Structure formats: C-alpha cells, structure tokens
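A closer look at the structure
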Amino acid sequence: MADTHGRGGVTTYRPSNGAARAATSVPARWSARRRERLLQLAFLVPAVAYLLAFFGYPVAQNVVMAFQHYTTATFYTGEAPWIGLDNYAAVVGSAVFSKALLNTALFTLGSIAGQFVIGLAIAVFFRRQFPLSRVLRSLLLLPWLVPLIVSGAVWRWILDQDNGVLNRFLGALHLVADRPGWLTSTSLALIAVIAVNIWIGIPFNMTILYGGLQDIPEELYEAAAMDGATGWRAFRYVTWPLLRPVVNVVLVLGVVYTIKVLDIILGLTGGGPANATQTIATQSYQLSFQQFDFGQGAALGNILIVISLVFALFYLRASRGAVRG
Amino acid sequence: MARRGAGLAGRTWATATALILTMGLAACGGGGSSATNASSLRVLDYYNIEPDKSIYAQMLDACGQQNGVKIEREIVPGANLIAKVLQQASSRTLPDVLMLDNPDLQQIAATGALAPVSDFGLSADGYAEGVVNASTYQGKVFGLQPATNTVGLFYNEDMLAKAGVTPPRTWDELKAAAAKLTSGSRYGVAFSAPANYEGTWQFLPFMWSNGGDEKNLASPEVAQALQLWVDLVKSGSASKSVLNWTQADVREQFQAGNAAMMVNGPWQFPVLAKTANLKYAVVPIPAPRAGATVVAPLGGETWTIPRTGDAGRQAKAAKIVECLNSDANQLSLGKKRTTVPTKTALRERFVAEVPEMKVFTDALQTARARTGELGADWPKAATKIYTAVQTALTGGATPEQALRQAQNG
C-alpha cells in the first residue's frame, strides 16, 4: 500500500503534466487503488471464511452449548433448554475437577519440561556434523510419525506390570525389588503417562530448536572461543540468548498442544486408575461421549479453551519477539 | 457384551469436531411422510470384525431377498457408532435399519428418532424379560434383539486338575481356589476392571448377585461384592494389572497360561478354540453363598427402525428386523456367533444343539439389563461404579468409602 501511495503522490505533482490530464488521472488512479484494495480483500475472504466456518463456528457453538442442557435428544429435536451456569457449577463442583485440574497442570508442566530439555540437548548435539548425523536426526522424528493410537498400544505392552518389557528389564538388572505398576498404581500412572508424552514430544522440540540453532552464526562461537568461552559457557552466553525467541515459541506452543492431549491418555489408562490420570481434556471427552452430557462436556472444554487462550496470547507476544529477534 | 473390540481411545477430538460441524451443516432435512416402494434399504451396524461381519452380511442379504429389497450396509467401528447416529439424527439421514448396543437403546429412543416396533405390528412377546427391558423406553418397545450373551467363569481344566481344585461355585470357594491356583508367575484368576464401562460390566454379576443395586451404590451388598475383588487382588490371586486389562487382555492372559481362571464371555470361544493344548470349560459366575441366584448382565445388540419419514421404507425395514429375529435366524446366529437366542421358547432346542452354550443360556434366565432401572441415566451410574471399583482396588479407600464417594459424585 505504502508503495502505491508514494508513486501516486509523485505522479500528481509532476510539473510536466497538464492540469486537465491531472484532473482525469487522479480519479482513475483512485479507482485503480480501490480495485486493488478490493482484490486484496477478495484474497482475504477465503481465509476469513475458512476461519469463521471451521474455527469460529465450532467455538461459538461450544460456548453456547455450555449454557444448555444438551443431551442426545437435542441432536434430533434441536431443543436444548437454557440452564445458565448450571453446567459450569456441576463440572467445577464435581469431586474430580480439582484432581483433573492438578493432573492437567502436572501433566503439562512435566511433559514440557522433559520434552524441552531433552529436545534441546539433542538439537545442540546435532549441531555438529558427524557421519550418519542426518540419518539419525531423521530417525528421531519417528515418534512423531507413529499414530498415537499405535504408540499408546505399544507403550501399554511395554509398561505392563507382569509381562511388560520395562519390568522384565528392570527385574533382570535387579533394579527394583517388586514389579512397579506403571499404569496401575495411582502414584506412578501419571508419571508413566507423562514419560510417554515426553517421548512423543521430543521430535517437535528438537526440530524447532535445531532450526533455531542453525540461525546462530558460526563466527559468534569462534569469537567467543577466542575470548575463552567454549562448551557450557558458549552455550550459556552465545546459544541461549540468541535462541531465546525460538525457545519462547516452542514452550508456548508446547503448552497449548499438551494441555489438550487426549488420545495418549485414553490409550494408556483411560484416565484411571481411580482418576489418577484424569485431566480436564479426558474428563470433558468422557462427559460428552460416554455420559452423553454434551453441555457439561462443553463447559469443561471451554475452561480448557480459556486456559489455552491465555497461553496463545503469550505465544503471539513471543512470536513477535522471534520475528524481531 | 460391553462393546466388543471397542478401543475407547479410538474416539478422538476429531470425532467431536466432526460432530459439531455436521450439526451446523445439518440444516437441510427430509420432512413429510411419503410412502414409496423401496427397492433398497440402508442398514447401519458395528459388526466390523470377522466372523460377525460376514455372518450378518449373509443374513441381512437373505432377509433383503425375502422382502424384495437390496441391502446397502454400512459398518462403523463400535466406538464411533453413537457419534455417527447422533450426527445422522441431527441431519435426518438415519438409516432404515439401525443396530444399537442394548444399553444405548434408551438413550437413542429418548431422542425421538426411533419408531416403536408396535407401529409395524411387531412385538417382543416371548423374549426374555431382561432383553425386553433393555429395548423398552417409556413403556414402548423400540428394538428387537435376536441374540444376547453374558459372562461366566472360564477355567483351565489341566491346571485345576493338577492343583486338585474343583470349579468354584461360591465366593469363598473362588477365593480359596484362586489362592491355591496361584503359583510363580501364574495368577489364580483374571478379570477386567479398567476405567471404562467394560469394568462396570464385569463387576455387575458380583454386585447384582449379592443384592446390590445401581440406585444406591453405598450399600453393604455392593461393598461386599467389591470387597471380594479387593481380596482377590490384595492376596495376589489376581494381578494388579486387572485395572488396565480389557476383556481381550484377560483372554490373552488365560490363553498364555498366566491365569488359571477368568471372567469372560462366549464371544471368546472362537479365539480360544484356536489355542493349541488349551483345555478349558465354563461354569457360572460364583454366587455369594451356596444356593444364591446369580444375576448377570445382558449383552448383545438390538435392531431398531428409525423414523425416516417414509412409511413404505419403514414397513420394509420392520420386515428386515422381524426376519433377523425369526426363530431360525436366532438359532443360526446363536450357533455361528456363540450367542444365546433371546426367545425363551428356543432355549432347550438351542442347548441341545450347542451344549457348550448351556452355562450362558442358563445364566440368562435371571440376567438383567443394565439400563433396566435407570434408563438414560445408566451411563452416570456406570461411571460411578467403575470409579469406585478402581479406587478400592488401588487401595485409595475401603470399598465402603469408595462407593460412598462415588455415590455422592
């Protein structure tokens, strides 16, 4: 836009142009500008329509649903009586809510911490080129490519208390006296689920952080090395500050992705044992699709959306920082 | 049966999103009741695994041929059926013939999307009482169920013989037998108690046989039944992994010789038959006391006629449902799928022809429908039951406390 304005201004004041010609050319140019504007809008329309139809509408519908007594009957009759905040009162007041909220927080923090630290370590490691480094790096993407239902099923076998590979392995090394119930003990199940989710999340963290590391000029490390900063000090004073904007983006995206994780928990424990791995997301799913109380499920879903939104705002700030950085 | 092969994780947010979207796009609908002479009928069910898949394919085609219609059958995985049905209900695209897992019938009938079978001159007279209860909503029958099943106690004959144990008939005998059969890496008994309705389904025969009731979970009768499960796990006679085992996992443990006895249903017969060197038999679920009646839950699927707004098609659809429920077809399904015919008059003939089904056929005389008492409120109660079971089994609370907590939500 700024470009067109500039050129328009120059043409209008060009002294060689006659007054009459200028008089006809100004509206013509003005309408050309208008046409261009319309064209730009036309290019925007599909994206906006898409966003409204596939994001705006479901979210709005979900917000409305949470204020209604929305059951299976509603699908056929279309009738859903308004019940104000009853759904919110019911889900927040239920005994599971505080536990699910705590689990969601622990699950998110635990997963992100693990994914990020390990992902960063691997990314830094792969900064050096060595034989087969590309192949190895691609192999590390594998957990990302396996469908979550499949990895859930495989991990369920691995973590099985009696015959699981992990317990067999630990037992053979005499590391544990009794076989731990990774998925069946209320104190271990959440840890196990977090561990599996970390495994799934490492490739994402590694890939983005590796991309960020590529942008740090090699000369900076050389200069730092001249000043005696190598190894940890190079990481602390060169890598970390320059990677910060990318780190912010990875962390915030990680939170938004992790807070709503559903499949992996359902696949491993179904929220059990005794709600030990129940999160807001799994609870919302169960309310809607197992107990058919879509209103309450939506209410819980909305609480999750609000939490995600807060982090999405952080993301917007962080990504602006990343662009500037 | 509690949703055979239904991995709960299969349903994801994608389903939810798809559902919400279709609700919005579902503005158009076919109104008005016209009558056409249908040449084909749409059928929806969840028998996506062999042998059920082809057994029903043949039977549906044969029924279609008898009534001069072509069957267009759609099969969806069990976990996706209800989402699909709700989506079709809101877009008025329900099939002509719809199969539902029996505990879901009242939920769907409550929407008003189904037509009572009496509209087409059909009735459930002569069907087992529990089966009729499951298909009844507000006094009207909305589905006819040709086959049912329940759970029993499977035992490994060689293991019991070697240990000198006779198949248990009471809870005390079960505890004693399980303890005696436990040795090394082998557990005495296996059952399924995961955090879903499968766990509830397996606990029900113990809870109901002891006089427990879903209307009041905080009763001594329910607590005693839960105490039995807690004792089995605490004593080491059953693995702690029961908390995460599906019924298929339980069967695998039994097949592998890791469990001498298991609670499971007749749908496991075909797989068990393929296991070499496995000699097994089935007895009823042990009763609380000698002579007490065992009350088992009813499984199986019911066939319904959705209101499609086309009287001609609906009449034809009713003919198909009637055909699936004919005496001959009930017996045929029973034999081929190891299920039990629901018409009580067929029982003797069936047991004479398929003796291995005797235990299950007998158990179904006194069996109850899960939705018989609470109807559409059953899912909430079922959630409370499996939550309480898990809380007690993990030692988070005594059975009494766990049930009281669950009851108070």
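Residues numbered from 1 in each chain as written. Chains lettered and ligands numbered in written order. Predicted model: local features only at pLDDT ≥ 70, side-chain atom pairs only at ≥ 80, totals over all residues. Heavy atoms only, no water.

1. A closer look at helix H4 (residues 86–93) of chain A
An α-helical turn contains 3.6 residues, so any two residues separated by three or four positions project in the same direction. All names here are of chain A. Within the sequence span of H4, burial applies to Asn87, Tyr88 and Val91. For H4, the angular spread of the buried residues around the axis is 95°, confining them to a single face. In H4, the exposed positions angled more than 90 degrees off the buried face are occupied by Ala89 and Gly93. (Buried < 20%, exposed > 50% of the residue type's maximum accessible area, 1.4 Å probe, protein only. Helix = DSSP H or I, 4+ residues; strand = E, 2+ residues; numbered from the N terminus. Arc of directions from axis to C-beta.)

2. Let's talk about the confidence of the model for chain B
Residue and element names in this part refer to chain B. Taken as a whole, chain B shows an average pLDDT of 91; of its residues, 91% reach a score of 70 or greater. The model gives residues 1–33 a pLDDT under 50, and that stretch makes 76 contacts with residues more than four places away or in other chains. Across the predicted assembly, pTM comes out at 0.86 and ipTM at 0.85. (pLDDT = per-residue confidence, 0-100. Contact = heavy atoms within 4.5 Å.)

3. Some thoughts on the packing of helix H5 (residues 95–125) of chain A against helix H10 (residues 189–214) of chain A
All names here are of chain A. Interhelical geometry of H5 versus H10 gives an angle of 40° and a closest axis separation of 6 Å. In terms of orientation, H5 lies oblique with respect to H10. Considering the relative orientation of H5 and H10, their crossing is right-handed. Taken together, the residues that form the contact of H5 with H10 break down as 17 nonpolar, nine polar and no charged. (Axes fitted to C-alpha atoms, helices over the stretch in contact; angles between N-to-C directions. Parallel < 35°, antiparallel > 145°, perpendicular 65-115°, else oblique. Left-handed = near helix turned anticlockwise from the far one by under 90°. Nonpolar A, V, L, I, M, F, W, Y, C, P; charged D, E, K, R; others polar.)

4. A closer look at the pattern of salt bridges
Evaluation of the coordinates by the stated rule reveals 16 salt bridges over all chains. With a closest N to O distance of 3.4 Å, A:Arg127 and A:Glu218 form a salt bridge. Taken as a pair, A:Arg127 in the loop between H5 and helix H6 (133–139) and A:Glu218 in helix H11 (residues 218–226) lie far apart in primary sequence, 91 residues in all. If you follow the salt bridges from partner to partner, you end up with B:Asp213, B:Glu214, B:Arg368 and B:Glu373 in one network. (Salt bridge = Lys/Arg side-chain N within 4 Å of Asp/Glu carboxyl O.)

5. Notes on the interface of chain A and chain B
Taken together, the contact between chain A and chain B spans 49 residues of the former and 46 residues of the latter. Contact between chain A and chain B buries roughly 3900 Å² in total, counting both sides, with carbon and sulfur atoms accounting for 57%. Across the contact surface, chain A and chain B share two salt bridges. Close ionic contact of B:Lys380 with A:Asp293 constitutes a salt bridge, the shortest N to O distance being 3.5 Å. (Buried area = accessible area lost by both parts, 1.4 Å probe.)

6. Here we look at the state of the cysteines
Residue and element names in this part refer to chain B. For the coordinates displayed, the defined rule picks out one disulfide over all chains. Paired by a disulfide, Cys63 and Cys323 hold their sulfur atoms 2.0 Å apart. Taking the sign of the S-S torsion, -80° for the link of Cys63 and Cys323, the bridge is left-handed. Of the two residues, Cys63 is situated in helix H2 (residues 52–66) and Cys323 in helix H12 (residues 311–324); the sequence distance between them amounts to 260 residues. We note that Cys63, like Cys323, is buried. (Disulfide = S-S within 2.5 Å.)

7. Regarding the pairing of strand E3 (residues 97–101) of chain B
Residues and elements named next belong to chain B. Of all the five residues making up E3, five are buried; the element is thus mostly covered by neighbouring parts of the structure. Side-chain alternation along E3 places Val97, Met99 and Asp101 on one buried face and Leu98 and Leu100 on a second face that is also buried. Sheet topology places E3 next to strand E13 (residues 301–306); four bridges connect them, and they run antiparallel. Across the sheet, Leu98 pairs through a bridge with Thr304, a residue of E13. (Pairing = 2+ DSSP bridges.)

8. A look at the environment of B:Glu214
Residue and element names in this part refer to chain B. Within the fold, Glu214 resides in the loop between helix H8 (197–209) and helix H9 (220–234). Owing to a relative accessible area of 4%, Glu214 belongs among the buried residues under this scheme. Measuring from C-alpha to C-alpha, the distance between Glu214 and Leu374 comes to 8.0 Å, with 160 residues separating the pair along the chain. With residues near it in sequence (within four places) discarded, Glu214 still touches Met207, Trp208, Arg368, Arg370, Glu373, Leu374, Trp378 and Ala381. At a separation of 2.9 Å, a polar atom in the side chain of Glu214 contacts the side chain of Arg368. (Polar contact = N/O pair within 3.5 Å; in protein donor to acceptor, adjacent residues only side chain to side chain.)

9. Some points on helix H16 (residues 378–393) of chain B
Residue and element names in this part refer to chain B. The end-to-end C-alpha distance of H16 is 22 Å, a good match for the 22 Å that 16 residues give at a rise of 1.5 Å each. Of all 16 residues that make up H16, 14 are buried, and the element is covered over most of its length. Immediately downstream of H16, the backbone of Gly395 shows phi near 80°, a positive value. (Expected span 1.5 Å × (residues − 1).)

10. Considerations on a nonpolar patch on the surface
On the surface, A:Leu38, A:Leu41, A:Leu44, A:Val48 and A:Leu52 cluster together into a nonpolar patch covering about 470 Å² of accessible area. As for its placement among the helices and strands, A:Leu38 is situated in helix H2 (residues 19–65). (Patch = residues over 30% accessible without salt bridge, like charges linked within 9 Å, V, L, I, M, F, W, Y side chains within 5 Å. Areas by Shrake-Rupley, 256 points an atom, 1.4 Å probe, with all protein chains shown as cover.)

11. Overview of the nonpolar core
Among the nonpolar cores identified, the biggest contains 154 residues, and B:Met261 and B:Trp303 are the most heavily contacted of them. At nine residues, the largest contribution of residues to this core is made by H9(B). Counting residues in hydrophobic clusters, the runner-up holds 37 residues, among them A:Ile202, A:Ala229, A:Phe235 and A:Val250. (Core = buried A, V, L, I, M, F, W, Y, C linked by side-chain atoms within 4.5 Å.)

12. With respect to the sheet that holds strand E12 (residues 280–283) of chain B
All names here are of chain B. Pairing is mixed across the open sheet formed by four strands, whose spatial order is E10-E11-E9-E12. Sheet topology places strand E10 (187–190) and E12 at the edges, where each strand pairs with a single neighbour. Each strand of the sheet is rotated relative to its neighbour by a mean of 20°, with strand direction disregarded. Bridge count for strand E9 (residues 152–156) against E12 is four bridges, and the pairing is antiparallel. Residue pairing in the sheet places Leu153 in a bridge with Val283 of E12.

13. With respect to unusual backbone geometry
The step from A:Gly272 to A:Pro273 runs through a cis peptide bond, and the omega angle for that step is -10°. Between B:Glu50 and B:Pro51 the backbone carries a cis peptide bond, its omega angle lying at 5°. The topology assignment puts B:Pro51 in the loop between strand E1 (40–45) and H2. Even without a glycine there, the phi angle at A:Leu132 is positive, about 70°. Mapping A:Leu132 onto the fold places it in the loop between H5 and H6. Accessibility expressed as a relative area gives 60% for A:Leu132, which makes it exposed.

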